[in-house]
Amino acid sequence: MAFAFALLATLAPLSTVDAAGVSGIEIGDARIVVRFDDAVATASSFALSGPDRIALDVPGADPGRAAASGGPVATVRQARFDARTTRIVFDLASPVVVRSGSFAPDGRSLTLDLAPADPDSFGAAATGARTYYKPSVTAMAQPPRSRYSLTVPLGPPRNGLPRPKIYGPAGRPLVVIDAGHGGHDPGAISPVSGKREKDVTLAVARAIRDELLASGRVRVALTREDDTFIILQDRAAIARGIKADMFISIHADSAPVDTASGATIYTLSEVASDRQAQALANRENKADIINGVDLGGENKEIASILVDLAQRETMNTSAQFATLLKRESAGLVPFRTDFHRMAGFAVLKAPDTPAILLEVGYVTNADDVARLSSTDGQRRIAQGLRRAIEIHFARRMASR
């Protein structure tokens, strides 16, 4: 909460004189009512997972007073998202989705109707936004529209996936590091420090890149080098598009209790190792497909066999690397006792690229947050990965 107040204080000068203000928020078991001190024309809501929350963006409005929690809402935060938009975040104590929403005729209140949700339906809700408009807003006090129009050619859309920069000497094995989340998806947010998962993962990914390049034994590429959003199915596809030899996705976990700590390695399996692993996979997955497999010349039966055989071998290699990483990180990175878990993570489903998802720690744990935010903590994670990666590729070359 202190982070929210600091953020509000920092952004207060951006307030506009004639903007409507949030005058109150009422929360019940089945609805949320947001009231404004002047008319508001439009708003949009969307769900975010890990942790579960509902965000409401209100253009032309200023943040208001702190709101009390209630019903399925644990806490409420308000801040300015940009120069003219206020974002209200409802941190959820139990998963609910916005079933419908509507403005009052005068535009001075917005009601969001809520419905209980299970993890799967909440994950589906997190894929898009709902937009609400004040009744008849498009017909109110607008000048007559011109009978003339101007067409501006924009050129053809850009095709294909982004191609990341590849660092390191040619001819070496290529490792792709994927910093989880990014852009409008912050991932988990630390209640301890306000640190966002997307920032933690990017800092760790950069540290890993620098450590691997210093060794000179592999090439490295990052799926994102800045605060960019990449849709889930594109992350592994980017790695496969540049013929990566290994794919490592970096995340930072969250837990309902602040005692959970330590790193966890996840590898692909259609049968989850435990319910917690399955719940995390459900939360992270936005699409559950195998990316970028060019089997156009094969019939469906043969294609299915080829994918299955390739993926079985890849899954075995990934599991072996998980054990190697734990061993080589001893004394550098604290791991959970049950450090290796398996679930159907879509981001790991490239059938011919060994891949792991490394949860480097918990943003809900004060010690983990301090470790992940420090240069030394990030360097230790990178050192453990470097050792494991070098041994992995040395073994592969020896087997040839």
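Residues numbered from 1 in each chain as written. Predicted model: local features only at pLDDT ≥ 70, side-chain atom pairs only at ≥ 80, totals over all residues. Heavy atoms only, no water.

Novice: Would you take a moment to explain the overall build of the protein for this structure?
Specialist: The helix and strand inventory of the protein stands at eight helices and 17 strands. Within the protein, the proportion of its 400 residues that are buried is 48%. For the protein, contacts bridging at least 24 residues in sequence account for 75% of all contacts bridging at least 6. Summed over all atoms, the accessible surface of the protein reaches about 19800 Å², with 54% contributed by carbon and sulfur. (Helix = DSSP H or I, 4+ residues; strand = E, 2+ residues; numbered from the N terminus. Buried < 20%, exposed > 50% of the residue type's maximum accessible area, 1.4 Å probe, protein only. Contact = heavy atoms within 4.5 Å. Areas by Shrake-Rupley, 256 points an atom, 1.4 Å probe, with all protein chains shown as cover.)

Novice: Explain the sheet that holds strand β11 (residues 166–167) here, please?
Specialist: Hydrogen bonds along the backbone pair up the strands of a sheet, which may run parallel or antiparallel. Taken together, seven strands build an open sheet; the order of strands is β11-β13-β12-β14-β17-β15-β16 and the sheet is mixed. Each edge of the open sheet is held by one strand with a lone partner, namely β11 and β16 (335–343). On top of the sheet, helix α8 (residues 375–399) reaches β12 (174–179), β14 (246–253) and β17 (355–362); it is set at about 155 degrees to β14, its chief contact. (Pairing = 2+ DSSP bridges. Axes fitted to C-alpha atoms, helices over the stretch in contact; angles between N-to-C directions.)

Novice: Please explain helix α3 (residues 197–215) as it appears in this structure.
Specialist: Count 3.6 residues to each turn of an α-helix, and residues three or four apart come out pointing the same way. Compared with the 27 Å implied by 1.5 Å per residue over 19 residues, the 27 Å span of α3 between its first and last C-alpha is a close match. Along α3, the residues classified as buried are E197, K198, V200, T201, L202, V204, A205, A207, I208, R209, E211 and L212. Count one or two residues on from α3 and you reach G216, which has phi positive near 75 degrees. (Expected span 1.5 Å × (residues − 1).)

Novice: What exactly am I supposed to notice about the pairing of β14 here?
Specialist: Along any regular strand, the residues point their side chains to alternate faces of the sheet. The element β14 is largely enclosed, with a buried count of eight among its eight residues. Of the two faces of β14, both are covered, the one formed by M246, I248, I250 and A252 as well as the one formed by F247, S249, H251 and D253. As judged from the five bridges shared by β12 and β14, these two strands associate in the parallel manner. Each residue of the ladder has a partner; that of I177, found in β14, is I248. Sheet topology places β14 next to β17; six bridges connect them, and they run parallel. Its bridge partner lying in β17, F247 is registered against A355.

Novice: Whenever I open this one, the pattern of salt bridges confuses me. Can you help?
Specialist: Where charged atoms of side chains with opposite charge meet at close range, the side chains can pair. One pass over the structure, following the stated rule, counts 20 salt bridges. A salt bridge links D376 to R379; the shortest N-O distance between them is 2.2 Å. Taken together, the residues D376 and R379, both in helix α8 and three residues apart, mark about one turn of the helix. Exposure remark for D376: the relative accessible area of 35% places this residue in the partly exposed category. (Salt bridge = Lys/Arg side-chain N within 4 Å of Asp/Glu carboxyl O.)

Novice: How do you make sense of the environment of Q320 when you look at a structure like this?
Specialist: Note on placement: Q320 falls in helix α6 (residues 300–328). Placed 53 residues apart in sequence, Q320 and T267 show a C-alpha to C-alpha distance of 9.8 Å.

Novice: What should I look at first to understand the packing of α3 against α8 in this one?
Specialist: For the pair α3 and α8, the least separation of the axes is 8 Å and the interaxial angle reads 50 degrees. By the angle class used here, α3 and α8 are oblique. Read as a crossing pair, α3 and α8 show a hand that is right-handed. Two secondary-structure elements touch here, α3 through A203, V204, A207, I208, E211, L212 and S215 and α8 through Q378, I381, A382, Q383, L385, R386, I389 and E390. (Parallel < 35°, antiparallel > 145°, perpendicular 65-115°, else oblique. Left-handed = near helix turned anticlockwise from the far one by under 90°.)

Novice: Help me understand the environment of R217 in this model?
Specialist: Its location among the elements puts R217 in the loop between α3 and β13 (219–222). With a relative accessible area of 54%, R217 lands in the exposed category. Along the sequence, R217 and P169 sit 48 residues apart, while their C-alpha atoms lie 8.2 Å from each other.

Novice: Looking at this model, I keep getting lost on the sheet that holds strand β2 (residues 31–36). Mind explaining?
Specialist: The strand order across the open sheet formed by five strands is β5-β1-β2-β9-β8, and the pairing between neighbours is mixed. Looking at which strands have only one partner, the edges of the open sheet turn out to be β5 (61–62) and β8 (96–103). As judged from the five bridges shared by β2 and strand β9 (residues 109–116), these two strands associate in the antiparallel manner. Bridging across to β9, V34 finds its partner in L110.

Novice: Whenever I open this one, the packing of helix α7 (residues 366–373) against α8 confuses me. Can you help?
Specialist: For any two helices packed against each other, one specifies the crossing angle of their axes together with the interaxial distance. Between α7 and α8, whose axes approach to 4 Å, the crossing angle comes to 80 degrees. The orientation of α7 with respect to α8, classified from their angle, is roughly perpendicular. In contact with R371, L372 and S373 of α7, α8 contributes T375, G377, Q378 and I381. Grouping the constituent residues of the contact of α7 with α8 by class yields two nonpolar, four polar and one charged. (Nonpolar A, V, L, I, M, F, W, Y, C, P; charged D, E, K, R; others polar.)

Novice: For this particular structure, what's the right way to read the environment of S254?
Specialist: Structurally, S254 can be placed in the loop between β14 and β15 (263–268). For S254, a relative accessible area of 13% translates into the label buried. It is 9.5 Å that separates the C-alpha atoms of S254 and G187, two residues lying 67 residues apart in sequence.

Novice: Explanation requested: the pairing of β9 in the structure shown.
Specialist: The buried fraction of β9 amounts to seven of the eight residues, a majority that puts the element mostly inside the structure. Alignment of β8 against β9, held across seven bridges, turns out to be antiparallel. Its bridge partner lying in β9, V97 is registered against A115. Turn length for the β8-β9 hairpin, with the two strands adjacent in sequence and antiparallel, is five residues, and the turn residue G107 shows positive phi of about 75 degrees.

Nothing here speaks to function; it is all geometry.
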